[in-house]
Amino acid sequence: MKWRYLLCLPELILLFFFVAPIGKRICNLGNLAGILVCLLLLIVTLIPHKIFALLRWLWSYTVGKMGLSLVAILIVTAVVFCGVMSVQMVRAIYCQPDTPQIVVVLGCKVKGTTPSLMLIRRLETAKQYLTAHPEVQCIVTGGQGSGEDIPEGQAMQTWLVEHGISSDRVFVEDRSRDTQENLRNAAAILAENDLPPEIVLVTDGFHTYRAQLLAKKEGLTAYTYPAKTRPLFVPTYWVREWMALFQLYVFGHG
């Protein structure tokens, strides 16, 4: 009996990491899926005999065998997919260039006219890179979404200029609605200004792999210089990224 309670401890800790972001008004498919899985794990851990009895009962019927087999295949496939994607996501975080490249900062939420905390972390990371490489130019990307008084790209340019980056170094892309459009429009800016199609992506670490895939679709060679994500939010965004990658691989957009 005691081993069950020991197993519950990591499950409860993981559940906390998915529930806590809701208190910060971060609620998406990532933490909803994480909460659901954690609750299912807790149920199996606390009442395994009843769960196994139910499974044996279902297995006694042909339809039940077919249904359980299908569920098992889906679970194994999902676990393998998420594992492979996680390896690729970690690899992308460390895909940094040997020589300085043009910086592309991917958009994130703006509150009114003020960058969100996540966006500020991206901007701080971009500023660090631009300060270390004063010859490098930058493209800030993002249109105007719900609850935003100005486009994300405009808010990002203002922040960088206010923090010491010359406006001459910053190109603004302010029409895109998602990451794919961020990079498509950034590629157009590079072409219009006869700039090379090699870039450094500044975004959160969990986002770098998908951003690289989308950059490749736009004919860009993308390296990464990831911003730090608050640890409390990493599980939620990491799970959401699995879903976005599934959408990208299956439907070609994400």
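Residues numbered from 1 in each chain as written. Predicted model: local features only at pLDDT ≥ 70, side-chain atom pairs only at ≥ 80, totals over all residues. Heavy atoms only, no water.

As a further point, take the packing of aromatic side chains. Given two aromatic rings, their pairing is described by the distance between the two centres and the angle made by the two planes. In this structure the tally under the stated criterion is five aromatic pairs. When the ring of W57 is compared with that of Y61, the centres are 5.4 Å apart and the planes differ by 75 degrees; the resulting orientation is edge-to-face. Looking at W57, the relative accessible area reads 48%, which means it is partly exposed. (Phe/Tyr/Trp six-rings, centres within 6.5 Å; stacked < 30°, edge-to-face > 60°. Buried < 20%, exposed > 50% of the residue type's maximum accessible area, 1.4 Å probe, protein only.)

This next bit is on the pairing of strand β1 (residues 102–105). On β1, burial covers both faces: I102 and V104 on one face and V103 and V105 on the other are all buried. Looking at chain direction, β1 and strand β6 (residues 198–202) are connected through four bridges and run parallel. Bridge pairing links V105 to V202 in β6. Examined bridge by bridge, β1 and strand β4 (residues 138–141) share three bridges and lie parallel to one another. Bridging across to β4, V105 finds its partner in V140. (Helix = DSSP H or I, 4+ residues; strand = E, 2+ residues; numbered from the N terminus. Pairing = 2+ DSSP bridges.)

The next subject is a nonpolar patch on the surface. On the surface, Y5, L36, L40, I43, L46 and I47 cluster together to form a nonpolar patch covering roughly 560 Å² of accessible area. By residue number, the principal contributor to the nonpolar patch is helix α2 (residues 29–46), which donates four residues. Along the chain, Y5 turns up in helix α1 (residues 2–19). (Patch = residues over 30% accessible without salt bridge, like charges linked within 9 Å, V, L, I, M, F, W, Y side chains within 5 Å. Areas by Shrake-Rupley, 256 points an atom, 1.4 Å probe, with all protein chains shown as cover. Salt bridge = Lys/Arg side-chain N within 4 Å of Asp/Glu carboxyl O.)

With that settled, the discussion passes to the pairing of strand β7 (residues 221–224). Of the two faces of β7, only the one carrying A222 and T224 is buried; T221 and Y223 on the other face are not. Sheet analysis places β6 next to β7, joined by four bridges and oriented parallel. Considered in β7, the bridge of L201 is made with T224. The parallel pair β6 and β7 is bridged by helix α8 (residues 208–217), and the resulting crossover is right-handed. (Right-handed = clockwise from strand over helix to strand, strands pointing away.)

So, about the sheet that holds strand β5 (residues 170–173). In spatial order, the strands read β5-β4-β1-β6-β7; together these five strands make up an open sheet with parallel pairing. The open sheet has two edge strands, β5 and β7, and neither has a second partner. Between one strand axis and the next, the sheet turns by 30 degrees as a mean value, whatever way the strands run. Packed onto the sheet, helix α5 (residues 117–132) meets β1, β4 and β6 and runs at close to 175 degrees relative to β1. Those strands touched by helix α6 (residues 152–162) are β1, β4 and β5, and its axis lies near 135 degrees from that of β4. (Axes fitted to C-alpha atoms, helices over the stretch in contact; angles between N-to-C directions. Contact = heavy atoms within 4.5 Å.)

Here we take up the packing of helix α3 (residues 48–59) against helix α4 (residues 62–93). Direction vectors running N to C along α3 and α4 enclose 125 degrees, while the axes themselves pass 6 Å from each other. Here α3 is positioned oblique relative to α4, judged by the angle of their axes. Touching L55, L58 and W59 of α3 are G64, K65, L68 and S69, all from α4. Residues of the contact of α3 with α4, tallied by class, amount to four nonpolar, two polar and one charged. (Parallel < 35°, antiparallel > 145°, perpendicular 65-115°, else oblique. Nonpolar A, V, L, I, M, F, W, Y, C, P; charged D, E, K, R; others polar.)

Quick look at the pattern of salt bridges now. Tallied over the entire structure, the rule returns four salt bridges. Two residues, D204 and R122, come together in a salt bridge whose shortest N-O distance is 2.7 Å. Taken together, the residues span a long stretch of sequence, with D204 in the loop between β6 and α8 and R122 in helix α5 at a distance of 82 residues. Exposure remark for D204: the relative accessible area of 0% places this residue in the buried category. Of the charged contacts in the structure, one is a salt bridge between E181 and R177, with a shortest N-O distance of 2.7 Å.

Notably, R25 is not glycine yet its phi reads approximately 65 degrees, a positive angle. Structurally, R25 can be placed in the loop between α1 and α2. The backbone of D194 sits at a positive phi, close to 55 degrees, despite the residue not being glycine. For D194, a relative accessible area of 73% translates into the label exposed.

So, about α6. Every buried residue of α6 is accounted for by E152, G153, A155, M156, W159 and L160. Looking down the long axis of α6, one finds its buried residues gathered within 160 degrees of arc, a one-sided arrangement. Of the surrounding elements, those touching the buried residues of α6 are β1, β2 (110–111), β3 (114–115), α5, β4 and β5. (Arc of directions from axis to C-beta.)

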